[in-house]
Amino acid sequence: MNIHGKDIKIFAANSNKELAQKIADQLGLPLSKCEVGTFSDGEIAISVGETVRGSDVFVVQSTCPPVNNNLMELLIMIDALKRASAGRITAVIPYFGYARQDRKSKPRDPISSKLVADLITAAGADRVLTMDLHAAQIQGFFNIPLDHLVGMPILSKLFEEKHLEDLVVVSPDLGSVNRARTFANRLDAPIAIIDKRRPRPNVSEIMNIIGDIKDKNVVIIDDIIDTAGTLCNAANSLKERGAKSVRACATHALLSGPAIERIRDSAIEELVILDTIPLTEEKKLDKIRVETVSKVFAQAIERIYSDQSVSKIFE
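Residues numbered from 1 in each chain as written. Predicted model: local features only at pLDDT ≥ 70, side-chain atom pairs only at ≥ 80, totals over all residues. Heavy atoms only, no water.

Let us now look at helix H8 (residues 294-305). Over its 12 residues, H8 extends 16 Å from the first C-alpha to the last, a length consistent with the 16 Å expected when each residue adds 1.5 Å. Within H8, the full set of buried residues consists of Ser 294, Val 296, Phe 297, Ala 298, Ala 300, Ile 301, Ile 304 and Tyr 305. Of the residues flanking the end of H8, it is Asp 307, one or two places downstream, whose phi is positive at about 60°. (Helix = DSSP H or I, 4+ residues; strand = E, 2+ residues; numbered from the N terminus. Expected span 1.5 Å × (residues − 1). Buried < 20%, exposed > 50% of the residue type's maximum accessible area, 1.4 Å probe, protein only.)

Right, dumping it as structure tokens:
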């Protein structure tokens, strides 16, 4: 692929090589040559194996666990490409770590997502391509162009095909209401809202359920599943209060700590996630279904490369 005299190259660090390969396959391109390893003391070592001078370069790297290693790989790779005279460098970050630290919730808290945005810019990225930021305002933390993709159309299409009767879309908390409403509008379904409180990080307690879920097939939609406490508490509460069936979907599945055990033992019949974060073998369950975001990222990369509107993908 060559437009305006510039070739396009897709690089991948270690966090999600499988997704990077799928994106490259969608574009009909090979993954560019690059070795990402460590020195004996743990320092990250990156060697770019081909010329990038003047090229339009896309680096695919989710900043998922191990978060700090993956973030440093991204920063060092961007620096290596910049010093090798790449024409333009786009950081393709399907899952943007530190996104939940987007504000000061109490005195002396850091705003870590702003710090990460500054680091990516300082490393030499010219633009960022990401999906479903936990907080929309993070787009404003970058002083370079950012294209924000959404996973909801992929998820909603899957549930449209199921043709579930008496469907209700559930927001797991007050902060996800807009996402749930958009999802529900696509499925022509009503919404319900779970009122919860969080006494400490990664711990949630269900207070009330706003809306009619009795004898309904419910779908919980969220952007991130971390320890799955919120999701599984919500699913169990919905089932206890009369829901006919409970399904769930989310863009980013971190599934850390006791998440897999919680999901396995919960009232959730099916959990649909996207592959912005790789699902390792030990985390695979029969009730977990993974759908790929490679097509939408490939479309976005092609549009960025050819200077077309990325928003047209979702129209």
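When you line up the elements, Asp 222 lands in strand E12 (residues 217-225). Put simply, Asp 222 is tucked away with no salt bridge, and the nearest opposite charge, on Arg 179, sits 4.1 Å away. Residue contacts for Asp 222: discarding those within four places in its chain leaves Pro 172, Ser 176, Arg 179, Cys 249, Ala 250 and Thr 251. (Lys, Arg positive; Asp, Glu negative; His and termini not counted. Salt bridge = Lys/Arg side-chain N within 4 Å of Asp/Glu carboxyl O. Contact = heavy atoms within 4.5 Å.)

What follows covers the packing of aromatic side chains. On inspection of all chains with the given rule, the structure shows 2 aromatic pairs. Seen in terms of ring centroids, Phe 159 and Phe 183 are 6.1 Å apart; in terms of plane orientation they differ by 70°. Their pairing is edge-to-face. Taken together, the positions of Phe 159 in helix H4 (residues 152-162) and Phe 183 in helix H5 (residues 177-187) put the pair 24 residues apart, joining distant regions of the chain. The exposure classification of Phe 159 matches that of Phe 183, with both residues buried. One Lys or Arg, Lys 162, reaches over the ring of Phe 159 and ends 5.9 Å from the middle of that ring. (Phe/Tyr/Trp six-rings, centres within 6.5 Å; stacked < 30°, edge-to-face > 60°. Lys NZ or Arg CZ within 6 Å of the ring centre and 35° of its normal.)

Moving on to the state of the cysteines. Applying the stated rule across the entire model yields 0 disulfides. Free cysteine: Cys 64, not disulfide-bonded; nearest cysteine sulfur from Cys 34 at 17 Å. For Cys 64, a relative accessible area of 2% corresponds to the buried category. The cysteine Cys 232 is free of any disulfide, with Cys 249 supplying the nearest cysteine sulfur at 14 Å. (Disulfide = S-S within 2.5 Å.)

On to the environment of Ser 171. Along the chain, the position of Ser 171 falls in strand E9 (residues 167-171). Along the chain, Ser 171 and Val 219 lie 48 residues apart, while their C-alpha atoms are 8.7 Å from each other. Not counting chain neighbours up to four residues away, the residues in contact with Ser 171 comprise Ser 176, Val 177, Ala 180, Ala 192, Ile 193 and Ile 194. At 3.4 Å, the side chain of Ser 171 and the backbone nitrogen of Val 177 are in polar contact. (Polar contact = N/O pair within 3.5 Å; in protein donor to acceptor, adjacent residues only side chain to side chain.)

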